Amino acid sequence: MMRAIWSPRRKFETWRAIWVAVARAQRELGLPIPEKAVVELAANQRLEDLDFARAAEHEKRLKHDVMAHVHAFGDACPTARGVIHLGMTSQDVVCNADAMVIREAMVLTIAKAARLVDALATFAEKWKATPTLGFTHYQPAQPTTIGRRAAQWGYDTALVVERIERTLGSLRFRGLKGATGTQASFLELFGGDAVKVAELEKRVVSSLAGSAAGVHTITGQTYPRGDDVAVISELAALAAVIHKVCNDIRLLCNRKELDEPFAADQIGSSAMPYKRNPMRCERVTGLCRFVMNLPGNALDTAATQWLERTLDDSSNRRLVLPEAFLTLDGVLDTMHSVVRGLVVHEATVRKNLDDELPFMVSENLMMAAAKLGRDRQEVHEAIRRHAQAAGLRVKDEGKPNDLLERLRGEPLLAGVDLAGAMNASAYVGLAAQQTERCGREVFAPIRARHAAAIAALPMSEPDV
């Protein structure tokens, strides 16, 4: 789907659609363009293999892609040959076509990102109450839940989806502005009638993108390249969020708490048969890194638009724009398959939590002892002494954490419910409720807003 959007066929047929719209509107506004010519142009809007071949031959001679396709269109439409591209500069075609393609690509990107949010929301809801060890600085910290962590992934993704939606809504067409943006050529065509110039632009853009489509008030030869910066930056932000999610999954795979989908005959390593490398997440992080580094390129392009326009943006944009969308499209497909197939190893999750939980509950034990009348500072010192000894036992001797056994013999903790303190669910705070709230307030609106688009996406997952 994304490949089709950025294909040469889509690009050049969009050019032809613009030429048809311009010719039709010019005729409607009184220019001497035969109706037969407009009909002929519309009938030949779709490119055939011969059209591609003709355009390629013309470009070899002319060294100009737009004029090559003007001539190829004229070859297919001899009656209309003399009115194609009338009054227009190349960017009246290219910029508006780019705007149409970018908008279509963003719609598809939003749909696939919303589908990823949907998958993360489903996973989060399923595991919302299952305690797991939390981490700060990648050091053990207060427990959270598996679902709460996934809800954070989904929330971060949803925030970027909302920003991409806003950016899409803010994009405008260049319209018909002519060689330097002054619309001088169109003013000449209509004998100095500025009203007709404005009406021509309005009719053409409306026919291409609907009456609600915005048009830039003033441009040089191209639409402001800040638009590209905004688009690429939001794609990079989405890539950064997904990169973070993949890194989290990879870290948890190392702790044997999660596994990404792993096929029955899949090989993790040519040398180490036992390995189950998280290769999908590894691939995604590499691709995300590529997208994350593209905004600087778009910024350079926007900053080097000399006066009314320079041409060094063209070759660059032909790489940056399609590659950003195509790369992220593959990322979103792969990430969706990862989330749908995530495997949770509950026994290992519990073991890893139990290994650290005695340390985590020390403050609660200290407060319980203080309620029984013990000196808080003395209890703190006693727990600190036992905890340090237990920690060294784990690190230096490779033995299990025996802090709980040590504390059972501590007189200052006599009467404190040590067994009850090991209930992990008591330390996850509002994790489950936060996950549910995120589902209601964030995930549900995105699911509802994009339900039709998600349903329209191909059901089969890529074999990645």
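Our structure's up above, just so we're on the same page.
Basis of the calculations
- Residues numbered from 1 in each chain as written.
- Predicted model: local features only at pLDDT ≥ 70, side-chain atom pairs only at ≥ 80, totals over all residues.
- Heavy atoms only, no water.
- Helix = DSSP H or I, 4+ residues; strand = E, 2+ residues; numbered from the N terminus.
- Rg over C-alpha atoms; globule rule 2.2 N^0.38 Å.
- Buried < 20%, exposed > 50% of the residue type's maximum accessible area, 1.4 Å probe, protein only.
- Contact = heavy atoms within 4.5 Å.
- Areas by Shrake-Rupley, 256 points an atom, 1.4 Å probe, with all protein chains shown as cover.
- Lys, Arg positive; Asp, Glu negative; His and termini not counted.
- Charge placed at Lys NZ, Arg CZ, Asp CG, Glu CD.
- Core = buried A, V, L, I, M, F, W, Y, C linked by side-chain atoms within 4.5 Å.
- Axes fitted to C-alpha atoms, helices over the stretch in contact; angles between N-to-C directions.
- Parallel < 35°, antiparallel > 145°, perpendicular 65-115°, else oblique.
- Phe/Tyr/Trp six-rings, centres within 6.5 Å; stacked < 30°, edge-to-face > 60°.
- Lys NZ or Arg CZ within 6 Å of the ring centre and 35° of its normal.
- Left-handed = near helix turned anticlockwise from the far one by under 90°.
- Nonpolar A, V, L, I, M, F, W, Y, C, P; charged D, E, K, R; others polar.
- Expected span 1.5 Å × (residues − 1).
- Salt bridge = Lys/Arg side-chain N within 4 Å of Asp/Glu carboxyl O.
- Arc of directions from axis to C-beta.
- Polar contact = N/O pair within 3.5 Å; in protein donor to acceptor, adjacent residues only side chain to side chain.

**Observations concerning the overall build of the protein**
Phase 1 of the analysis: Within the protein, the secondary structure is distributed over 20 helices and six strands.
Phase 2 of the analysis: Its C-alpha atoms give the protein a radius of gyration of 31 Å, more than 25% over the compact-globule value 23 Å for 464 residues.
Phase 3 of the analysis: Overall, the protein is about 105 × 50 × 40 Å in size when its C-alpha atoms are taken along their principal axes.
Phase 4 of the analysis: For the protein, buried positions account for 49% of its 464 residues.
Phase 5 of the analysis: Sequence-distant contacts in the protein: of pairs separated by 6 or more residues, those separated by 24 or more amount to 78%.
Phase 6 of the analysis: Carbon and sulfur atoms make up 54% of the accessible area of the protein, which amounts to about 22,500 Å² in all.
Phase 7 of the analysis: Separation between the mean location of the 59 positive side-chain charges and that of the 57 negative ones in the protein comes to 1 Å.

**A short note on the environment of A213**
Phase 1 of the analysis: Relative to the helices and strands, A213 is located in the loop between α9 (194–209) and β4 (214–215).
Phase 2 of the analysis: The exposure class of A213 is buried, given its relative accessible area of 15%.
Phase 3 of the analysis: Considering only alpha carbons, one finds A213 and R81, 132 residues apart in sequence, at a separation of 29 Å.
Phase 4 of the analysis: The residues contacting A213, other than those within four sequence positions of it, are F173 and V205.

**What about the nonpolar core?**
Phase 1 of the analysis: One finds W6, I102, I242, I249, F325 and M335 to be the most contacted residues of the largest nonpolar core, which totals 72 residues.
Phase 2 of the analysis: Looking at this core, the elements that each hand over two or more residues are α1 (2–5), α6 (90–126), α7 (146–170), α10 (226–254), α11 (279–292), α13 (312–340) and α19 (431–449).
Phase 3 of the analysis: Element by element, the count of residues in this core is highest for α6, at 17 residues.
Phase 4 of the analysis: Setting aside residues up to four positions removed in sequence, W6 forms contacts with V101, I102, A105, L321, P322, F325 and L326.
Phase 5 of the analysis: In terms of nonpolar packing, the next biggest core, distinct from the first, is built from 36 residues, L41, F73, L176 and V204 among them.

**Overview of the packing of α10 against helix α12 (residues 295–303)**
Phase 1 of the analysis: Interhelical geometry of α10 versus α12 gives an angle of 175° and a closest axis separation of 9 Å. What the angle tells us is that α10 and α12 run roughly antiparallel. Facing α10, whose interface residues are G226, D228, V229, I232, S233 and A236, α12 presents P295, A298, L299 and A302.

**A closer look at the environment of A324**
Phase 1 of the analysis: Residue position: A324 is located in helix α13.
Phase 2 of the analysis: Here the alpha-carbon distance between A324 and V291, two residues 33 residues apart in the chain, equals 5.6 Å.
Phase 3 of the analysis: Not counting the four nearest positions on each side in its chain, A324 is found in contact with I232, L235, V291 and L294.

**A look at the packing of aromatic side chains**
Phase 1 of the analysis: All told, the structure shown has seven aromatic pairs when counted by the stated rule.
Phase 2 of the analysis: Relative to W127, the ring of F123 has its centre 6.4 Å away and its plane inclined at 45°; by these criteria the two rings are tilted.
Phase 3 of the analysis: Classification of F123 as buried rests on a relative accessible area of 8%.
Phase 4 of the analysis: Its guanidinium or amino end placed over the ring of Y223, R225 lies 4.6 Å from that ring's centre, counting from NZ or CZ.

**A look at the packing of α6 against α10**
Phase 1 of the analysis: One way to put it is that α6 packs onto α10 with a least axis distance of 12 Å and a crossing angle of 20°. Taken as axis vectors, α6 and α10 run roughly parallel relative to one another. The hand of the α6/α10 crossing is left-handed. When α6 is examined against α10, the residues I102, M106, T109, A113 and L116 are found in contact with a partner set consisting of D228, V231, L235, L238 and I242.
Phase 2 of the analysis: Per-class residue counts for the contact of α6 with α10 are eight nonpolar, one polar and one charged.

**Things to note about α10**
Side chains three or four residues apart in an α-helix point the same way, a direct result of the helix having 3.6 residues per turn.
Phase 1 of the analysis: Its 29 residues give α10 an end-to-end C-alpha distance of 42 Å, which sits within 8% of 42 Å, the value for a rise of 1.5 Å per residue.
Phase 2 of the analysis: Of the residues flanking the end of α10, it is K256, one or two places downstream, whose phi is positive at about 65°.

**Points about the side chain of T310**
Phase 1 of the analysis: With respect to the helices and strands, the residue T310 is situated in the loop between α12 and α13.
Phase 2 of the analysis: Leave out the neighbours within four places in its chain, and T310 touches T304 and Q305.

**Looking at the pattern of salt bridges**
Phase 1 of the analysis: Scanning the model with the defined rule gives 36 salt bridges in all.
Phase 2 of the analysis: The partner of K128 in a salt bridge is E125, and the shortest N-O contact between them spans 3.0 Å.
Phase 3 of the analysis: A salt bridge links D313 to R309; the nearest nitrogen and oxygen atoms lie 3.0 Å apart. Each member of the pair, D313 as well as R309, is classed as buried.
Phase 4 of the analysis: In this structure, a network of salt bridges that share partners links the residues K112, R115, D329 and D333.

**With respect to helix α4 (residues 49–62)**
Phase 1 of the analysis: For α4, with 14 residues, the first-to-last C-alpha span of 20 Å sits near the 20 Å given by 1.5 Å per residue.
Phase 2 of the analysis: Listing the buried residues of α4 in full gives D51, A55 and H58. Projected onto a plane normal to the axis of α4, the buried residues spread over an arc of 65° and lie on a single side. Those residues of α4 that are exposed and angled more than 90 degrees off the buried face are D49 and K60.
Phase 3 of the analysis: The positive-phi residue at the C-terminal boundary of α4 is K63, with phi of around 60°.

**A closer look at the side chain of R174**
Phase 1 of the analysis: Checked against the element boundaries, R174 lands in the loop between β3 (172–173) and α8 (184–189).
Phase 2 of the analysis: A polar side-chain atom of R174 sits 2.4 Å from a polar atom in the side chain of D92.

**Some words on unusual backbone geometry**
Phase 1 of the analysis: In this model, H137 sits at a positive phi of 60°, which is unusual for a non-glycine residue.
Phase 2 of the analysis: Turning to its location among the elements, H137 is positioned in the loop between β1 (131–136) and β2 (139–145).
Phase 3 of the analysis: The backbone of K256 shows a phi angle near 65°, a positive value even though the residue is not glycine.
Phase 4 of the analysis: Within the secondary structure, K256 sits in the loop between α10 and β5 (258–259).

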